[in-house]
Amino acid sequence: MLPVSRRTFLATATAAAALPLSARAAAPLKIVATTGMIADTAQRIGGDLVEVQALMGPGVDPHAYRQTRSDIVAMTRADLVLWNGLYLEAQMEDFLDTLAARTRVEALAETLPQDVLRGHDDYEGRFDPHVWMVPGLWRGVAERVAEVLIDMRPEQATEITANLKAFVTELEEVGLYAEMSLGQVPEASRILLSAHDAFGYFGDAYGFEVMGIQGISTESEAGLHRIAELVDLLVNRNVRAVFVESSVSDRNIRALIEGAAARGHEVSIGGELFSDAMGARGTYEGSLIGMLDHNATVIAGALGADVPAAGMAGKLSLSPAMETN
C-alpha cells in the first residue's frame, strides 16, 4: 500500500491535471508597480484577478528612489512589473531593463504617442513623466494596462474590459470637476508655483502658468539665482499663494516665502499637493481619483475659486493640507 502522504500527492496532482487550463490559470496575477498611481490603476482594472504591490508609498519621491533587496525579490517573483518610464524612476532604469529579460515589464507612459508628451528641459530627447496629472492622458495608460492584462488572461477579457470602462468613467468625472473648479480661478491668479515642475501637463490642460523651483526631476538643484528670480515674480505679479508637495521637501518653498516677506510681500502656503505620490493608503486621497480631486480642489480654493472643501464627491478629508492657510 502506498503511504498516505504519497497517495494524497498523486491524487492531488491527477486532479489538478484534469482541470481545464482556464481553471488552473485562475490564480491572481502577481503585479508589482513602482508608484501608487500605477498600482491603484492596475488594481482597479484587474479587480479580483490581480494582486498588486506598490513599491513606493505616500511621500516617496520616485525620481530619487532606488530598489531595495525586498523590492528586487518582489519584482523577480512577479508575473508582471509595471512602471511609468519617461525617466521618472531614473535610479531604477538599469535594473528594470535587465529584469525585462526574464519577467514581463511594461513602461506604461512610454506607450503614449510622443505628440501628447511635453519635452524634458533637463534631458535632451526625454519627456515629462508626470502624465497622471491629467485624466485624459492617464486614460491612455489605463487602456494599456487593460491590454496587457487581457493579453495575459484572455479568458477574462470581459471582466477586465468592464473594469476599465468603470475606471474611465471616474477619470472623466474628475476631469470635468477639475475643469469646472479651476475654471473659476481669475485669469490673473492662474499661477501655480510649487516645489518642482510636476504640473506642466496640468497647466497645459487647465490654463495655468506653472513654475517649479526645481526642474521636472527633483534631482535638479535649485540655486540661489533661481530662488531670487521667483521671489521677484511673487512680488512683481502679486502672487499670494504657493504650494508644497507631499513627496518633496518644503525647504525651498519656505525660502521663497521668507524672501518675499523681506521685501514686504506676504505669501501663504496654499496647501499641500500630491505630485509624485498619492495620499495615505486606505484613504480617498490614497487613490488616483482622490489625488486628482484633492489637487484640483486645493489649487482652485487657494487661488480664489468657490469650491467645496470636501471635493467633488464630499470625500476629501479636511487634512492639514487644506488648513495650511
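Residues numbered from 1 in each chain as written. Predicted model: local features only at pLDDT ≥ 70, side-chain atom pairs only at ≥ 80, totals over all residues. Heavy atoms only, no water.

1. Describing the environment of Arg 153
Here comes step 1: Structurally, the position occupied by Arg 153 is in the loop between α6 (135-152) and α7 (157-182).
Here comes step 2: Residues Arg 153 and Leu 49 lie 104 residues apart in sequence; the distance between their C-alpha atoms is 8.9 Å. (Helix = DSSP H or I, 4+ residues; strand = E, 2+ residues; numbered from the N terminus.)

2. Comments concerning the sheet that holds strand β3 (residues 80-83)
Here comes step 1: Pairing within the open sheet is parallel, and its four strands lie in the order β2-β1-β3-β4. The open sheet is flanked by β2 (50-54) and β4 (104-107), the only strands paired with a single partner. Neighbouring strand axes in the sheet, compared pairwise and without regard to direction, differ in orientation by 20° on average.
Here comes step 2: In this fold helix α3 (residues 36-46) packs onto β1 (29-33), β2 and β3, with an angle of close to 170° to the strand it touches most, β2. (Pairing = 2+ DSSP bridges. Axes fitted to C-alpha atoms, helices over the stretch in contact; angles between N-to-C directions. Contact = heavy atoms within 4.5 Å.)

3. Quick look at the nonpolar core
Here comes step 1: Counting residues in each nonpolar core, the largest one holds 66 residues, and the members touching the most others are Val 131, Trp 138 and Leu 288.
Here comes step 2: Listing elements by their share of this core, those giving two or more residues are β1, α3, β3, α6, α7, α8 (200-206), β7 (241-245) and α11 (288-302).
Here comes step 3: Here the element with the most residues in this core is α7; it accounts for nine residues.
Here comes step 4: Among all residues touching Leu 288, those that are not within four sequence positions of it are Met 37, Asp 40, Thr 41, Trp 132, Trp 138, Phe 167, Leu 171 and Met 278.
Here comes step 5: Ranked by size, the runner-up nonpolar core spans 20 residues in total, among them Val 242, Val 244, Ile 257 and Ala 260. (Core = buried A, V, L, I, M, F, W, Y, C linked by side-chain atoms within 4.5 Å. Buried < 20%, exposed > 50% of the residue type's maximum accessible area, 1.4 Å probe, protein only.)

4. Remarks on the pairing of β1
Here comes step 1: The element β1 is extensively covered by neighbouring structure, given that four of its five residues are classed as buried.
Here comes step 2: As paired strands, β1 and β2 are joined by five bridges and run parallel to one another. What sits directly across from Lys 30, in β2, is Glu 51.
Here comes step 3: Following the chain from β1 across α3 to the adjacent parallel β2, one finds a crossover that is right-handed.
Here comes step 4: Taken together, the three bridges between β1 and β3 define a ladder with parallel strand orientation. Residue pairing for β3: Ala 33 is matched across the bridge by Leu 82. (Right-handed = clockwise from strand over helix to strand, strands pointing away.)

5. With respect to the pattern of salt bridges
Here comes step 1: Counted according to the given criterion, the structure contains 15 salt bridges.
Here comes step 2: Here Lys 30 ties to Glu 51 by a salt bridge, and the two come within 3.1 Å at their closest N and O atoms. One end of the pair, Lys 30, is in strand β1; the other, Glu 51, is in strand β2, with 21 residues separating them in the sequence.
Here comes step 3: Here Glu 229 ties to Arg 226 by a salt bridge, and the two come within 3.6 Å at their closest N and O atoms. A residue pair is termed a helical-turn pair when its members lie 3 or 4 positions apart in one helix, as Glu 229 and Arg 226 do in helix α9 (residues 224-236) at three residues.
Here comes step 4: One salt-bridge network, in which partners are shared between bridges, spans Arg 104, Glu 106, Arg 144, Glu 147 and Asp 151. (Salt bridge = Lys/Arg side-chain N within 4 Å of Asp/Glu carboxyl O.)

6. Examining the packing of α6 against α7
Here comes step 1: At a closest axis distance of 10 Å, the pairing of α6 and α7 adopts a crossing angle of 170°. Judged on the interaxial angle alone, α7 and α6 are roughly antiparallel. For the pair α6 and α7, the contacting residues are Pro 135, Trp 138, Arg 139, Ala 142, Glu 143, Ala 146, Leu 149 and Ile 150 in the first and Ala 157, Ile 160, Thr 161, Leu 164, Phe 167, Val 168, Leu 171, Glu 172, Val 174 and Gly 175 in the second.
Here comes step 2: Split by residue class, the contact of α6 with α7 holds 13 nonpolar, two polar and three charged. (Parallel < 35°, antiparallel > 145°, perpendicular 65-115°, else oblique. Nonpolar A, V, L, I, M, F, W, Y, C, P; charged D, E, K, R; others polar.)

7. Section: the packing of α9 against helix α10 (residues 251-262)
Here comes step 1: Where α9 contacts α10, the two axes come as close as 9 Å, and the packing angle between them is 55°. As far as their axial angle goes, α10 and α9 are oblique. Considering only the axes of α9 and α10, their crossing is right-handed. Along the contact surface, α9 presents Ile 227, Leu 230, Val 231 and Leu 234, while α10 presents Asn 252, Leu 256, Gly 259 and Ala 260.
Here comes step 2: Residue composition of the contact of α9 with α10, grouped by class: six nonpolar, two polar and no charged. (Left-handed = near helix turned anticlockwise from the far one by under 90°.)

8. Observations concerning helix α4 (residues 69-77)
Here comes step 1: Of all the residues in α4, the buried ones are Asp 71, Ala 74 and Met 75. One side of α4 holds all its buried residues, which, seen down the axis, span an arc of 95°. Of the residues in α4, the exposed ones pointing more than 90 degrees away from the buried face are Arg 69, Ser 70 and Arg 77. (Arc of directions from axis to C-beta.)

9. A word on the environment of Arg 237
Here comes step 1: With respect to the secondary-structure elements, Arg 237 resides in the loop between α9 and β7.
Here comes step 2: Residue class for Arg 237 comes out partly exposed when judged on its relative accessible area of 41%.
Here comes step 3: For the pair Arg 237 and Ile 191, spaced 46 residues apart in sequence, the C-alpha separation works out to 9.5 Å.
Here comes step 4: Those residues in contact with Arg 237 that lie beyond four places of it in its chain are Ile 191 and Glu 209.
Here comes step 5: Polar contacts involving the side chain of Arg 237 include one to the side chain of Glu 209, which spans 2.8 Å. (Polar contact = N/O pair within 3.5 Å; in protein donor to acceptor, adjacent residues only side chain to side chain.)

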